[in-house]
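# Summary of the model geometry
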Amino acid sequence: MSEGTLDRLELDRFINVSGTMTGLGASIAHPDVARAMAGILPRFVDIGQLQRRAGEAICRLTGAEAGFVTASCAAGISLAVAGAMTGADLAAIEALPDTGTLKSEVVLQMGHQIHYGGVIGQAVRLTGARLKLIGQATSCHAHHLRAALGPETAAALYVVSHHVVPYGLLPLRDFADICHERNVPVIVDAASEYDLRGFLEQGADIVLYSGHKFLSGPTSGLVAGRRDLVRAAYLQNGGIGRGMKVGKESIAGVMAALAAWERRDPAAVLARETGYIELWIAALAGRPGIVAAAEADPTGNPLNRLRITVDPGAAKLNAWDLADALAARETPIVVRDHEIEHQYFHLDPCNLHPGQEHEVAAALAEVLDEAVRRNAPPDTNAAARERRRIEKLLAWPD
Ligand SMILES: *Cc1c(COP(=O)(O)O)cnc(C)c1O
């Protein structure tokens, strides 16, 4: 869409310091991605052949035996689970979500039952599989996993993400070793992880990534892994995967994104983002009730975020008041607020256009100065803010 047409839609422009969020339009697509998508749209292609080429690119980057492109990482989870149940049995594929006599249990650690904008267990269950949650929220041991694996087990699902409980759960290598003792395939959701090889190396049989997050591709998902499992997942395109299909444009877009990823200079990206964080730390230095410090990504992606902690008594506002004031500006600034009820949030530097870092710094200073000047007691609460968010959601499209 041209800039002119976009302007006529009167869409709000955001500064995204939240991260790659589906609700904000994911990421800034690489220019090569847009060109590749536009280039292929007027052509006819053999989709099986195009997916084979995409698979070759995915294998080159992941070290997998086979791969293909689907609609999203969430779609990839459903397709991988369905494939683990049906194999290449086309009649079984068309019968899902009726699982008949197929093995149909999928094991998941309770601390991995996450919500990424949708519930991961639902991505499993919509195939017809039953979810078997093991352990407790903050603990899972080898004995929990061994006890859960049995004649009904089709697969085990493992999640690598900042969303999961960060302690007390099984490491992937141990999880995979135990599953492999029983010949149970391990499906890994690595939607937001930059490491394209490590999870297969640690024992994943099939791994799923988002194309529209760190890869800066189109809305899409990448499936990579063992040839038989990838084939079985791919064949679901004639079954429950029909509603999760990708067209030629997304497949071409992912291939361009992967090519750009191979040429990327991670040290230069990290240096640029570190510069943004240092600018924000300088803008916040000496302000009453504000502590700002760089924090490493919780799953080890080569990326830092700025954590801003607010002492409401001294700053004269709560962390969520600061976030809301930033979001209420003429150009809204959207922060990463997953843990905001604890009086802190993060600024994620990954999705900024050049120059926006200065707008963020200036806005932070302005809002904080204003709160100190007004000197009113910070009497809002985080739960009410969450209720308003749900109300707004339920009111769509009003
Ligand atoms: C974003 C995310 C998903 C969903 O990915 P989509 O490609 O948007 O479907 C799944 N799992 C995790 C851990 C995520 O972060």
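A quick note: this is a predicted structure, and the numbers were derived from the prediction, not measured. (Residues numbered from 1 in each chain as written. Predicted model: local features only at pLDDT ≥ 70, side-chain atom pairs only at ≥ 80, totals over all residues. Heavy atoms only, no water.)

## Examining the packing of helix α12 (residues 266–284) against helix α15 (residues 356–374)
In plain terms, the rule: For helices, the fitted axis covers only the stretch in contact; all axes are lines through C-alpha atoms, and the angles between them, taken along N-to-C directions, range from 0 to 180 degrees. Runs of E in the DSSP output that reach at least two residues are strands. Runs of H or I that reach at least four are helices, and both are numbered from the N terminus. Any angle from 65 to 115 degrees is called roughly perpendicular, while one under 35 is roughly parallel, one over 145 is roughly antiparallel, and all others are oblique. Each crossing gets its handedness from the near helix: less than a right angle anticlockwise from the far helix is left-handed, clockwise is right-handed. In this description, contact between two residues means that some pair of their heavy atoms is separated by no more than 4.5 Å. Any residue that is not Ala, Val, Leu, Ile, Met, Phe, Trp, Tyr, Cys, Pro, Asp, Glu, Lys or Arg is counted as polar, Gly included; the first ten are nonpolar and the last four charged.
As a packed pair, α12 and α15 sit with axes 9 Å apart at the nearest point and diverge in direction by 20 degrees. It follows from the interaxial angle that α12 and α15 lie roughly parallel. The two elements α12 and α15 cross, and the hand of that crossing is right-handed. Contacts between α12 and α15 involve Tyr-276, Leu-279, Trp-280, Ala-283 and Leu-284 on the former and, on the latter, Glu-357, His-358, Val-360, Ala-361, Leu-364 and Leu-368. Grouping the constituent residues of the contact of α12 with α15 by class yields nine nonpolar, one polar and one charged.

## Here we look at the packing of helix α4 (residues 73–86) against helix α10 (residues 227–235)
The relative placement of two packed helices is expressed as an angle between their axes plus a distance between the axes. α10 packs onto α4 with a crossing angle of 110 degrees between their chain directions and a minimal axis gap of 7 Å. With respect to their mutual orientation, α4 and α10 come out roughly perpendicular. Contacts between α4 and α10 involve Leu-79, Ala-80, Gly-83 and Ala-84 from the first element and Leu-229, Ala-232 and Ala-233 from the second. Grouping the amino acids of the contact of α4 with α10 by side-chain chemistry returns six nonpolar, one polar and no charged.

## Quick word on the sheet that holds strand β2 (residues 66–70)
Here is the rule: Think of it this way: DSSP has to see at least two bridges between two strands before they count as a pair.
Taken together, seven strands build an open sheet; the order of strands is β2-β8-β7-β6-β5-β3-β4 and the sheet is mixed. Each having just a single partner strand, β2 and β4 (130–134) make up the two edges of the open sheet. When strand polarity is set aside, the average angle formed by the axes of neighbouring strands in this sheet is 25 degrees. Pairing between strand β7 (residues 206–210) and strand β8 (residues 221–225): five bridges, direction antiparallel. Residue pairing across strands places Ile-206 opposite Gly-225, the latter belonging to β8. This element, helix α3 (residues 47–62), spans β2 and β8 of the sheet and lies at about 115 degrees to β2.

## Re the site of the ligand
This is how it is decided: Near is defined per residue: the residue qualifies when any heavy atom it owns lies within 4 Å of the molecule or strand. Residues adjacent in sequence count toward polar contacts only when both atoms are side-chain atoms; beyond that, a polar contact is any pair of N or O atoms within 3.5 Å, and within protein one must be able to donate a hydrogen and the other to accept it.
Neighbouring the ligand are 14 residues; Cys-73, Ala-74, Asp-189, Ser-210 and Lys-213 lie closest to it. Here Ser-192 contributes a side-chain N or O atom positioned 3.2 Å from an oxygen atom of the ligand. Contact between the ligand and Ser-210: an oxygen atom at 2.6 Å from a side-chain N or O atom of the residue.

## So, the state of the cysteines
Rules: In plain terms, two cysteine sulfur atoms within 2.5 Å form what is called a disulfide here. Between buried and exposed lies partly exposed: a residue is buried under 20% and exposed over 50% of the maximum accessible area for its type, with that area taken using a 1.4 Å probe on protein chains only.
Throughout the structure, instances matching the rule amount to zero disulfides. Summary of cysteine pairing: Cys-73 is not part of a disulfide, and the nearest cysteine sulfur, belonging to Cys-59, is at 17 Å. A residue is classified by how much of its surface remains accessible, and Cys-73, at 5% relative accessible area, is buried.

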